[in-house]
Amino acid sequence: MDEEYDVIVLGTGLTECILSGLLSVEGKKLYRKFRPDQTPPSELGRDRDYAVDLVPKFIIASGELTKILVHTDVTRYMEFKQIAGSYVYRDGRISKVPSTELEAVKSPLMGLFEKRRAKKFFEFLQNWKDDDPATHQGINLDRDSMKTVYEKFGLEAGTQDFIGHAMALYLDDDYITKPARTTYDRIILYTASIARYGKSPYIYPLYGLGELPQSFARLSAIYGGTYMLDKPIDKIETGPDGKFIGVTSNGETVKAKQVIGDPSYFGAGKDEQGGKLRAIEEGKVVRAICLLKHPIPGTDDSDSCQIIIPQNQVGRRNDIYIAMVSSTHNVCAKDIYIAIVSTIVESDKPELEIRPGLELLGPIYDKFVEVLPLYTPTADGRADNIFVTRSYDATSHFETVVEDVQDVWKRVMGKDLVLKKREVDVQE
């Protein structure tokens, strides 16, 4: 191939597609991936009814990904449905994260007096104005830690868990000792997302997450992008100076000035030339894809939900996440529910680590467990024009993925990703 491109994107996921995939599979392919010798049971229905997520994540209604989807017009090619509820595990049971004032009053997550303290805490956040010291109540969000803020309002440890993990969506408790500004921003985003549609802050694409890379592919084609699907990558080509010059596939080399790709395209962290480390393993994630014939107990028969099990509740360092969708999202046959349990691996027995999540699902019809390494790039890529993304983490939302998108954009372009206001054609 003689044509040279500005950038080559090697992508199996959303990060690469936004910057330019296999995020979900059909029923037969699911069994083929995990159990090549087993034929899917006929009682599961038609294969074409399935689009099972391999990396389960929901979209926050007012989050950065939603802004990117709207700004780029990718929403022209997709339809979304709201996730029915967000739940948190506490004291041996799951409870809905309140989405209305009435739900907050009835919620078993807090006692009467704790609800009063929590109400004052949320009123403090909602009323905060940077330019009005009268709203600060002696707190400096850029200097004081969240521990200081929690103590000021006398919030119990369980309430702190609920706020930090189910609303601010932190993976662990490291945030407590850091300045409160970021946590404030996250909580405001969560409450604004709930207020947007009610019930929960999450939305999800009909026909599964595989629609995201497909829609970005359509958009890219409009702007002159060239797609080569299911192409094996033989070699990442670099010049005498060590800088990227092209990608070889089936004996043909496509040349470009830069390449963006996830670690799997670089020999699981190694470049074949010289053994240079492009990414290192920083841990592992375990995911269990579970097929159910019923909604998750305790969720009011919801057709979809997110459940977060804070690490403190089960004696862990990392949270356990559950994401459930169903036929109402056009991802499986009628009366089938797909629940995916995931967490960061902390021992040599990964499946035992997600047991608290599996036990919440009730009877499981079938289960597929996968443990994958988590890679992080060793360099920013500017020296050799090879930009490596991060692996998908265990969270059941896209906020950490968008952070990676913004990081890669800045590394490639040398400036922050800013979604500028643009003129919209009246007919659009």
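Just so you know, these numbers come straight off a predicted model, no measurement behind them.

Rules used in this analysis
Residues numbered from 1 in each chain as written. Predicted model: local features only at pLDDT ≥ 70, side-chain atom pairs only at ≥ 80, totals over all residues. Heavy atoms only, no water. Helix = DSSP H or I, 4+ residues; strand = E, 2+ residues; numbered from the N terminus. Rg over C-alpha atoms; globule rule 2.2 N^0.38 Å. Buried < 20%, exposed > 50% of the residue type's maximum accessible area, 1.4 Å probe, protein only. Areas by Shrake-Rupley, 256 points an atom, 1.4 Å probe, with all protein chains shown as cover. Lys, Arg positive; Asp, Glu negative; His and termini not counted. Charge placed at Lys NZ, Arg CZ, Asp CG, Glu CD. Salt bridge = Lys/Arg side-chain N within 4 Å of Asp/Glu carboxyl O. Pairing = 2+ DSSP bridges. Expected span 1.5 Å × (residues − 1). Core = buried A, V, L, I, M, F, W, Y, C linked by side-chain atoms within 4.5 Å. Contact = heavy atoms within 4.5 Å. Axes fitted to C-alpha atoms, helices over the stretch in contact; angles between N-to-C directions. Phe/Tyr/Trp six-rings, centres within 6.5 Å; stacked < 30°, edge-to-face > 60°. Lys NZ or Arg CZ within 6 Å of the ring centre and 35° of its normal. Arc of directions from axis to C-beta.

What is the right way to look at the overall build of the protein chain in this model?
The helix and strand inventory of the protein chain stands at 12 helices and 17 strands. For the protein chain, whose C-alpha radius of gyration is 23 Å, the value lies close to the compact-globule estimate of 22 Å for 428 residues. Taken along its principal axes, the extent of the C-alpha atoms in the protein chain is 70 × 60 × 55 Å. Buried positions account for 51% of the 428 residues belonging to the protein chain. Summing over all exposed atoms, the protein chain offers an accessible surface of approximately 20,700 Å²; the carbon and sulfur share of this is 50%. With 55 positive and 65 negative side-chain charges, the protein chain shows a spacing of 3 Å between the two charge centroids.

What is the right way to read the pattern of salt bridges from this model?
Pairs may arise between side chains of opposite charge once their charged atoms sit close together. In the structure shown here, the tally under the stated rule is 28 salt bridges. Arg-90 is the partner of Asp-91 in a salt bridge, and the nearest nitrogen-oxygen pair spans 3.7 Å. For Arg-90, a relative accessible area of 12% corresponds to the buried category. Residues Arg-411 and Asp-407 are paired through a salt bridge, measuring 3.1 Å at the closest nitrogen-oxygen approach. Of the two residues, Arg-411 and Asp-407 are both situated in helix H12 (residues 399-413); the distance of four residues between them amounts to about one turn of the helix. Given a relative accessible area of 37%, Asp-407 falls into the partly exposed group.

Just checking my understanding: could you explain the sheet that holds strand E4 (residues 59-60) for this structure?
What links the strands of a sheet is backbone hydrogen bonding, and the strands pair in either a parallel or an antiparallel sense. Strand order in the open sheet formed by three strands is E4-E8-E5, with antiparallel pairing between adjacent strands. For this open sheet the edge positions go to E4 and strand E5 (80-82), each flanked by a neighbour on one side alone. Across three bridges, the pairing between E5 and strand E8 (residues 202-205) is antiparallel. Bridged to Gln-82 within E8 is Ile-203.

Could you clarify how one ought to interpret helix H9 (residues 211-222) in this entry?
For an α-helix the count is 3.6 residues per turn, leaving residues at separations of three or four pointing the same way. Its 12 residues place the ends of H9 17 Å apart at the C-alpha level, agreeing with the 16 Å of an ideal helix rising 1.5 Å per residue. Listed as buried for H9 are Glu-211, Leu-212, Pro-213, Ser-215, Phe-216, Ala-217, Leu-219 and Ser-220. Of the residues trailing H9, Gly-224 is marked for its positive phi of about 95 degrees.

Just checking my understanding: could you explain the nonpolar core for this structure?
In a soluble, globular protein the nonpolar side chains are often hidden away together inside. Membership of the largest hydrophobic core comes to 71 residues, with the highest contact counts inside it found for Phe-121, Val-149, Tyr-150, Phe-162, Ile-289 and Ile-338. Residues in contact with Val-149, not counting those within four places in the same chain, are Phe-121, Phe-124, Ile-139 and Ala-180. Grouped together as the second largest cluster of nonpolar side chains are 22 residues, Val-286, Ala-288, Cys-290 and Ile-309 included.

Please explain the sheet that holds strand E14 (residues 320-326) as it appears in this structure.
Sheet architecture is open: seven strands sit in the order E7-E6-E13-E14-E15-E12-E16, paired in mixed fashion. With one partner strand each, in any of the chains shown, strand E7 (93-96) and strand E16 (366-377) form the two edges of the open sheet. Averaged over all adjacent pairs, the angle separating strand axes in this sheet is 25 degrees, with direction ignored. Strand direction decides the pairing type here: strand E6 (residues 86-90) and strand E13 (residues 305-309), joined by three bridges, are parallel. For Val-88, the partnering residue across the bridge sits in E13 and is Ile-308.

How do you make sense of the packing of aromatic side chains when you look at a structure like this?
Both the distance between ring centres and the angle between the ring planes are used here to describe each pair of aromatic rings. Summed over the entire model, instances satisfying the criterion amount to 11 aromatic pairs. Taken together, a centroid distance of 5.9 Å and an interplanar angle of 50 degrees make the contact between Phe-58 and Tyr-202 tilted. Note that Phe-58 is positioned in the loop between strand E3 (52-53) and E4 and Tyr-202 in strand E8, a separation of 144 residues in sequence. For the pair formed by Phe-58 and Tyr-202, the shared burial category is buried. Here the aromatic residues Phe-121, Phe-122, Phe-124, Trp-128, Tyr-150, Phe-153 and Tyr-184 are joined through ring pairs into a cluster of three or more. We note Arg-186 situated over the ring of Tyr-170; from NZ or CZ to the ring centre the distance is 4.1 Å.

Help me out: how do you make sense of helix H6 (residues 146-153) in this one?
Listed in full, the buried residues belonging to H6 are Met-146, Val-149, Tyr-150 and Phe-153. Each buried residue of H6 sits inside an arc of 100 degrees when the element is viewed along its axis, so together they form one side. Its buried side turned inward, H6 meets helix H5 (112-127), helix H7 (157-167) and helix H8 (181-197). Just downstream of H6, Gly-154 is the residue with a positive phi angle, here 65 degrees.

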